Amino acid sequence: MHTLLPTAIVGSLPKPPWLAEPETLWSPWKLQGDALVEGKQDALRIAVQEQRQRGIHIVSDGEQTRQHFVTTFIEHLSGVDFEQRETVRIRNRYDASVPTVVGAVSREKSVFVDDAKFLRQQTDQPIKWALPGPMTMIDTLYDRHYKSREKLAWEFATILNQEARELEAAGVDIIQFDEPAFNVFFDDVQDWGIAALERAAEGLRAETVVHICYGYGIQANTDWKKTLGSEWRQYEKSFPLLQRSTIDIISLESHHSHVPIDLIELIRGKKVMLGAIDVASDTIETPDEVADTLRKALEFVDADKLIPSTNCGMAPLPRAVAFEKLSALTAGADIVRDELSAAYSL
Ligand SMILES: [Zn+2]
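From a predicted model like this one, the values you see are computed outputs, not experimental measurements. (Residues numbered from 1 in each chain as written. Predicted model: local features only at pLDDT ≥ 70, side-chain atom pairs only at ≥ 80, totals over all residues.)

Caption draft 1: Seen up close, the nonpolar core. Trp129, Phe156, Ile250, Val272, Leu274, Leu294 and Leu306 are the most contacted members of the largest nonpolar core, which totals 97 residues. The biggest single contributor to this core is helix α5 (residues 149–169), with 8 residues. With residues up to four places along the chain from it excluded, the contact list for valine 272 reads Ile250, Ile264, Ile267, Ala297, Val301, Lys305, Leu306 and Ile307. (Core = buried A, V, L, I, M, F, W, Y, C linked by C-beta atoms within 7 Å. Buried ≥ 20, exposed ≤ 12 C-beta atoms within 10 Å, placed from the backbone. Helix = DSSP H or I, 4+ residues; strand = E, 2+ residues; numbered from the N terminus. Contact = placed C-beta atoms within 7 Å.)

Caption draft 2: The arrangement of the sheet that holds strand β3 (residues 128–132) in detail. Read from one edge to the other, the open sheet built from 6 strands follows the order β3-β5-β6-β7-β8-β9, with strand pairing classed as parallel. Looking along the sheet, the strands with just one partner apiece sit at the ends: β3 and β9 (306–309). Averaged over all neighbouring strand pairs, the angle between strand axes comes to 25 degrees, with direction disregarded. The pairing of strand β8 (residues 271–275) with β9 spans 4 bridges and is classified as parallel. Within β9, the residue paired with methionine 273 across the bridge is isoleucine 307. (Pairing = 2+ DSSP bridges. Axes fitted to C-alpha atoms, helices over the stretch in contact; angles between N-to-C directions.)

Caption draft 3: Focus on the sheet that holds strand β1 (residues 77–90). Taken in spatial order, the 3 strands line up as β1-β2-β4 in an open sheet, and their pairing is mixed. Unpaired on one side and paired on the other, β1 and β4 (142–143) mark the two borders of the sheet. Where β1 lies against strand β2 (residues 94–107), 10 bridges are found, and the strand directions are antiparallel. Following the sheet pairing, valine 80 is matched in β2 by valine 101. Of the strands in this sheet, β1, β2 and β4 touch α5, which is tilted by about 70 degrees from β2.

Caption draft 4: Representation of helix α10 (residues 319–345) in the model. Between its first and last C-alpha, α10 extends 39 Å over 27 residues, near the 39 Å set by a 1.5 Å rise per residue. Three or more residues of α10 are buried, namely Ala322, Phe323, Lys325, Leu326, Leu329, Gly332, Ala333, Val336 and Arg337. Tucked into the core, α10 has its buried residues touching α1 (33–53), α9 (287–297) and β9. (Expected span 1.5 Å × (residues − 1).)

Caption draft 5: Structural detail: helix α8 (residues 235–243). Three or more residues of α8 are buried, namely Tyr235, Ser238, Phe239 and Leu242. The arc enclosing the buried residues of α8, seen along the axis, measures out at 105 degrees, which places them on a common side. Where α8 is buried, its residues touch α6 (186–200), β6 (207–212) and β7 (249–252). (Arc of directions from axis to C-beta.)

Have a look at this one:
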């Protein structure tokens, strides 16, 4: 990637209304069988085209083939019973009915590789694919088999590594692990979370990202954020550990969040995917607002390591809003890129 300030989205884009109910998280599919397969591919094509037309450099699938960023992956594994459900508290925040781990977990065949190959065919731009992180996966399950968060995370890390290697072979340039749980379980992050994440990323030539956020703009998250006070210092726990880790890129929330921007200094040397677009608001950022967020970050990250991005996924937003936010991200990055080029050529 030679472009300065290459832009990327974190993950999801809204799905077309003919594929799934709009403005709903984890909405059930409206199609079935072959029509669903074709519908998902058409949606993926549109997601790619919108990103390209609106100037996004690192292209994602917009999670058009997935219902849920964690569950869809787990559905493809053996050892997890989706009929046996227990209510657990997700990230200490909200209750959800989740499947049960009933035996050794394993991946019989690849989960997203066909979708990734399809994405590869749609563009010559660098492509990024997101997988759930090991800690976030175990937080979405009831474990009757391993009875150890660490053991189950390690098993998932091994499975994720198999999947990641196949994604890389399919032409994926950047592999992202979503670990919102890193903002909640600080002791686990230190004790085994980083090690499990590195295990998932082991031996990859593709660049690796860890995305740590404060979640989608849903009520449970909005309520949680209200309890976090005026300064959100959660990253202060994970960043020093990630700075010493093998992970290449750290993806974090910034715009409209209460994250002190100077925390980015803690990951100096790593690439930073900086959230300059608020995904919890329908208001479209102005290019100047985006540029302002990027400029502030540039005090703590070298320009050749900054990747302007969104705070999180945009699945719950109205489609037109999400697409306009892509344009705002591009326009804001353009402003700062021009400023940097002018400064360099002096
Ligand atoms: Zn996120």
